[in-house]
Amino acid sequence: GSANGLAFNRGGTRLYASLLAGGAIKVIDTQTHAVVNTFSIGGQVLQGIAVSLDDTELYVADGGTSAVLRVVNVASGAQVATVPLGGKGFGVALSPDNARIYVGIPLAGKVKIIGRASRTVVGTITTGGKPRRLDLSVTGETLVIADESGKVHFVK
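Overview of the structure.

Rules and cut-offs
- Residues numbered from 1 in each chain as written.
- Predicted model: local features only at pLDDT ≥ 70, side-chain atom pairs only at ≥ 80, totals over all residues.
- Heavy atoms only, no water.
- Helix = DSSP H or I, 4+ residues; strand = E, 2+ residues; numbered from the N terminus.
- Buried < 20%, exposed > 50% of the residue type's maximum accessible area, 1.4 Å probe, protein only.
- Contact = heavy atoms within 4.5 Å.
- Areas by Shrake-Rupley, 256 points an atom, 1.4 Å probe, with all protein chains shown as cover.
- Pairing = 2+ DSSP bridges.
- Axes fitted to C-alpha atoms, helices over the stretch in contact; angles between N-to-C directions.
- Salt bridge = Lys/Arg side-chain N within 4 Å of Asp/Glu carboxyl O.
- Phe/Tyr/Trp six-rings, centres within 6.5 Å; stacked < 30°, edge-to-face > 60°.
- Lys NZ or Arg CZ within 6 Å of the ring centre and 35° of its normal.

### Some thoughts on the overall build of the protein
Thinking step 1. On a plain count of helices and strands, the protein comes out with zero helices and 15 strands.
Thinking step 2. With the C-alpha coordinates of the protein rotated into their principal frame, the extents come out at 40 × 35 × 30 Å.
Thinking step 3. Going through the 156 residues of the protein one by one, you find that 50% of them count as buried.
Thinking step 4. Long-range pairs, those at least 24 residues apart, make up 31% of the contacts in the protein between residues at least 6 apart in sequence.
Thinking step 5. On the protein, roughly 7,200 Å² of surface is accessible, and the fraction owed to carbon and sulfur atoms is 53%.

### What about the sheet that holds strand E2 (residues 14-19)?
Thinking step 1. Ordered in space as E1-E2-E3-E4, the four strands form an open sheet in which the pairing is antiparallel. Of all the strands in the sheet, the pair left with one neighbour each is strand E1 (3-8) and strand E4 (35-40). Pairs of neighbouring strands in the sheet enclose a mean axial angle of 20°, with direction left out of account.
Thinking step 2. The pairing of E1 with E2 spans four bridges and is antiparallel. Looking at the pairing, Phe8 lines up with Leu15 of E2.

### Thoughts on the pattern of salt bridges
Thinking step 1. Across all of its chains, the model carries eight salt bridges by this definition.
Thinking step 2. Notably, a salt bridge pairs Glu148 with Lys130, separated by 4.0 Å at the nearest N-O pair. With Glu148 in the loop between strand E14 (143-147) and strand E15 (152-155) and Lys130 in the loop between strand E12 (120-126) and strand E13 (131-136), this residue pair connects regions lying 18 residues apart in the sequence.
Thinking step 3. A residue is classified by how much of its surface remains accessible, and Glu148, at 43% relative accessible area, is partly exposed.
Thinking step 4. Within this structure, Asp54, Glu57, Arg116 and Arg119 form a network of salt bridges that share partners.

### What to know about the packing of aromatic side chains
Thinking step 1. What the rule picks out here adds up to zero aromatic pairs.
Thinking step 2. Sitting over the face of the ring of Phe90, Arg132 holds its NZ or CZ atom 4.4 Å from the ring centroid.

Rendered as structure tokens:
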């Protein structure tokens, strides 16, 4: 399938690739470049992906009609939770303190802020555009949002 979102584990030994179709995540050994596992988690259009700092969970935006963030246990490969986003998710970023997950919702022009521990939406950032790719500064003080309309937003 077509790989879409990519994320490395903290040691750089595994690369996780979400597939646009088929509801799966491929696990790739970065030394051998071989697919060593496939996590079948469901979903329709898996988009951005992030890995928790302790390498125990994956966070995958589903851009299909389910409009959820899928939480996957890395050890078992099973989906353990979903968080309703209120729109089709795209980009995903995890704060450096491992406390918040940010998910871009392009069609709504918003970024949802999710508490990692509570697995609930704790805030919303309205961009006025179509937020796609997200990243945070090393300190976590600035969220950078690449917008489909050609803008880059810096949110402190």
